[in-house]
Amino acid sequence: MNTRNVQIPQTKTVLVTGGAGFIGSHLCEQLLNQGNEVICMDNLFTGTKENIRHLLKDPHFELIRHDIVHPIFVEVDQIYNLACPASPIHYQYNPVKTIKTNVMGSVNMLGLAKRVKAKILQASTSEIYGNPEIHPQPESYWGNVNPIGLRSCYDEGKRCAETLFFDYHRQNQVKIKVVRIFNTYGPRMHPNDGRVVSNFIVQALKGRDITIYGDGNQTRSFCYVDDMVKGIIAMMNAPDDFIGPVNLGNPVEFTIMELAQKIIELTQSRSKIIHKPLPEDDPERRRPEITLARECLGWNPTVSLEQGLRKTIEYFEAVLSRSVGQ
Ligand code: NAD
Ligand code: UDP
């Protein structure tokens, strides 16, 4: 398979579950820009109407407030299944609900795809690799996941969702696509969701201590949201026989200490770095192997950490100044 086989997206009716969330809202925006009819389905647990307020006026956009744990019927051509809280604070808030969203929600969306013959893409995650023993992580790696820990509701929920996708494909010939998303950041991240990029930026802008968990030598690879959305759409529109799973992420790896220092530099903050205990099962290293995405989707992230952080800082400055003005 090579990039010449990737088809240009055509106008379609597209369902985005989790479309009022961080990545989902950018995806809805891009799908509308490409001339699609977009239905955003969200229970607004971590997503907000604010994220999609600018889209609500568009006659080609529709919001359905619905929880995917319950079945629903809509006529669509494509389904992007993003509904699931993604930050540890949010997915651990009600772990049983997180599992239900991943398992029952996937069954409902796969059942819908089967019935209306839609192509369906699952937003899986690098968390399915757990605390990886192989570095960087290729798609062929099966992972090292604790099945009974605090992160398991999310990690195992997402693993089970992948299994369901492949079984619906084998058993019912549903057209599936699975992407494994690595740490993604950008405007519309939730300011209080505890993820490292939003936490550090908000702390730096407020002049509060920057909280590094552990010694800060653990690594992550951060992908700017615009790059991620391009990869997700490219995967949906790639030939049907390329079903994945495919890693999507930026392969440039940073320690959490380096990230903190970069954010302090870019915000010109006087914040001090302090250390707090490392959460349970926190992966030590994470970097995607993206050869498959490069070769089969012609996809490559183009936004550097510094460029992406500048845009994200600008966004949080506006959010914080609005909340002060209220
Ligand atoms: P987010 O929390 O901002 O968005 C998730 C959206 O799903 C929210 O709008 C939320 O209200 C909605 N939702 C949650 N449960 C639902 C349910 N039962 N029914 C309907 N809607 C529901 O998170 P995000 O960062 O935008 O992540 C989007 C997807 O990408 C998630 O599936 C996540 O697991 C995956 N992902 C994200 C990252 C990342 O770094 N952001 C990394 C790996 C995977
Ligand atoms: N982290 C940190 N300080 C914070 C928030 C997170 O040091 O205020 C660390 C966290 O322990 C992890 C990394 O940053 O090692 C990424 O955390 P995040 O929750 O953003 O993503 P994930 O662990 O799911 O990759």
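That block above? That's the structure.
Residues numbered from 1 in each chain as written. Chains lettered and ligands numbered in written order. Predicted model: local features only at pLDDT ≥ 70, side-chain atom pairs only at ≥ 80, totals over all residues. Heavy atoms only, no water.

Examining the overall build of the protein
Line of reasoning, step 1. Looking only at helices and strands, the protein features 10 helices and 13 strands.
Line of reasoning, step 2. A compact globule built from 326 residues would reach a C-alpha radius of gyration of about 20 Å, and the protein, at 19 Å, matches this within 12%.
Line of reasoning, step 3. Expressed along its principal axes, the backbone C-alpha trace of the protein runs to roughly 55 × 45 × 40 Å.
Line of reasoning, step 4. Here the protein holds 326 residues, and the buried ones make up 54% of them.
Line of reasoning, step 5. In the protein, of all internal contacts separated by at least 6 residues, the share reaching a separation of at least 24 is 81%.
Line of reasoning, step 6. Surface exposure of the protein reaches about 14,800 Å², of which carbon and sulfur atoms provide 50%.
Line of reasoning, step 7. In the protein, 36 side chains carry a positive charge and 35 a negative one; their mean positions are 3 Å apart. (Helix = DSSP H or I, 4+ residues; strand = E, 2+ residues; numbered from the N terminus. Rg over C-alpha atoms; globule rule 2.2 N^0.38 Å. Buried < 20%, exposed > 50% of the residue type's maximum accessible area, 1.4 Å probe, protein only. Contact = heavy atoms within 4.5 Å. Areas by Shrake-Rupley, 256 points an atom, 1.4 Å probe, with all protein chains shown as cover. Lys, Arg positive; Asp, Glu negative; His and termini not counted. Charge placed at Lys NZ, Arg CZ, Asp CG, Glu CD.)

Quick look at the site of ligand 2
Line of reasoning, step 1. In the region of ligand 2, 18 residues are neighbours, and T211, Y213, R220, D282 and R286 sit closest.
Line of reasoning, step 2. Here Q218 contributes a side-chain N or O atom positioned 3.0 Å from an oxygen atom of ligand 2.
Line of reasoning, step 3. The side chain of D282 places a nitrogen or oxygen atom 2.6 Å from an oxygen atom of ligand 2.
Line of reasoning, step 4. Of all the secondary structure elements, the ones that give two or more residues to the shell around ligand 2 are α6 (196–206) and β8 (210–213). (Near = heavy atom within 4 Å. Polar contact = N/O pair within 3.5 Å; in protein donor to acceptor, adjacent residues only side chain to side chain.)

Quick notes on the environment of L248
Line of reasoning, step 1. Along the chain, L248 turns up in strand β11 (residues 246–248).
Line of reasoning, step 2. For the pair L248 and C223, spaced 25 residues apart in sequence, the C-alpha separation works out to 8.5 Å.
Line of reasoning, step 3. Sequence-distant contacts of L248, that is, excluding residues within four places in its chain, are made with V179, R180, I181, F182, M228, G231, I232, A293, L297 and W299.

Topic: the side chain of Q137
Line of reasoning, step 1. Tracing the chain through its elements places Q137 in the loop between β5 (119–125) and α5 (152–172).
Line of reasoning, step 2. The exposure class assigned to Q137 is buried, which follows from its relative accessible area of 0%.
Line of reasoning, step 3. Of note is the side chain of Q137, whose polar atom sits 2.9 Å from the backbone oxygen of I134.
Line of reasoning, step 4. Excluding its chain neighbours within four sequence positions, the residues that come into contact with Q137 are Y129, P132, F182, N247, R285, R286, R287, P288 and E289.

Topic: the site of ligand 1
Line of reasoning, step 1. Neighbouring ligand 1 are 29 residues, the closest being I23, D42, T46, Y154 and R195.
Line of reasoning, step 2. Calculation on ligand 1 without its partners gives an accessible area of 820 Å², and the protein chains cover 96% of this total.
Line of reasoning, step 3. For the shell around ligand 1, the element with the most residues is β5, which contributes three residues.
Line of reasoning, step 4. Of the residues contributing to the shell around ligand 1, the split by class is 14 nonpolar, 11 polar and four charged. (Nonpolar A, V, L, I, M, F, W, Y, C, P; charged D, E, K, R; others polar.)

Quick word on the packing of aromatic side chains
Line of reasoning, step 1. In the structure shown here, the tally under the stated rule is seven aromatic pairs.
Line of reasoning, step 2. Centre to centre, the rings of Y91 and Y154 are 4.3 Å apart; their planes meet at 5 degrees, and the pair counts as stacked. Placement of the pair is Y91 in helix α3 (residues 88–91) and Y154 in helix α5, with a sequence separation of 63 residues.
Line of reasoning, step 3. Overall, Y154 belongs to the buried group, its relative accessible area being 7%.
Line of reasoning, step 4. One aromatic cluster is present, built from ring pairs that chain together Y129, Y141 and F182. (Phe/Tyr/Trp six-rings, centres within 6.5 Å; stacked < 30°, edge-to-face > 60°.)

Here we look at the pairing of strand β4 (residues 78–81)
Line of reasoning, step 1. Residues Q78 and Y80 of β4 are buried on one face, and the alternating residues I79 and N81, pointing to the opposite face, are buried as well.
Line of reasoning, step 2. Direction of pairing for strand β1 (residues 13–17) relative to β4: parallel, over a ladder of four bridges. Bridging across to β4, V14 finds its partner in Q78.
Line of reasoning, step 3. Of the strand pairs in this sheet, β4 and β5 are connected by four bridges, and their pairing is parallel. (Pairing = 2+ DSSP bridges.)

What about the packing of α6 against helix α8 (residues 256–267)?
Line of reasoning, step 1. For the pair α6 and α8, the least separation of the axes is 10 Å and the interaxial angle reads 40 degrees. Judged on the interaxial angle alone, α8 and α6 are oblique. As for how α6 packs across α8, the hand of that crossing is right-handed. Side by side, α6 and α8 meet where V196, V197, F200, I201, A204 and L205 of the first sit next to I256, L259, A260, I263 and T267 of the second. (Axes fitted to C-alpha atoms, helices over the stretch in contact; angles between N-to-C directions. Parallel < 35°, antiparallel > 145°, perpendicular 65-115°, else oblique. Left-handed = near helix turned anticlockwise from the far one by under 90°.)

Some words on the sheet that holds strand β6 (residues 176–181)
Line of reasoning, step 1. One open sheet holds the seven strands; their spatial order is β3-β2-β1-β4-β5-β6-β11, and the pairing between them is parallel. The open sheet terminates on both sides in strands that have one partner only, identified here as β3 (61–65) and β11. Within this sheet the neighbouring strands show an average axis-to-axis angle of 20 degrees, counted without direction.
Line of reasoning, step 2. Where helix α4 (residues 95–116) meets the sheet, its contacts fall on β1, β2 (37–42), β4, β5 and β6, and the angle it forms with β4 comes to roughly 170 degrees.
Line of reasoning, step 3. Packed onto the sheet, α5 meets β4, β5 and β6 and runs at close to 155 degrees relative to β5.

Quick word on the nonpolar core
Looking at soluble globular proteins, one finds that nonpolar side chains tend to be buried together.
Line of reasoning, step 1. One finds L27, Y80, I232, L297 and L309 to be the most contacted residues of the largest nonpolar core, which totals 62 residues.
Line of reasoning, step 2. When residues of this core are assigned to their parent elements, the largest contribution, eight residues, is made by helix α7 (residues 225–236).
Line of reasoning, step 3. With residues near it in sequence (within four places) discarded, I232 still touches I23, L27, Y80, L121, V179, I181 and L248.
Line of reasoning, step 4. V74, L112, V116 and F166 belong to the second largest nonpolar core, which has 24 residues in total. (Core = buried A, V, L, I, M, F, W, Y, C linked by side-chain atoms within 4.5 Å.)

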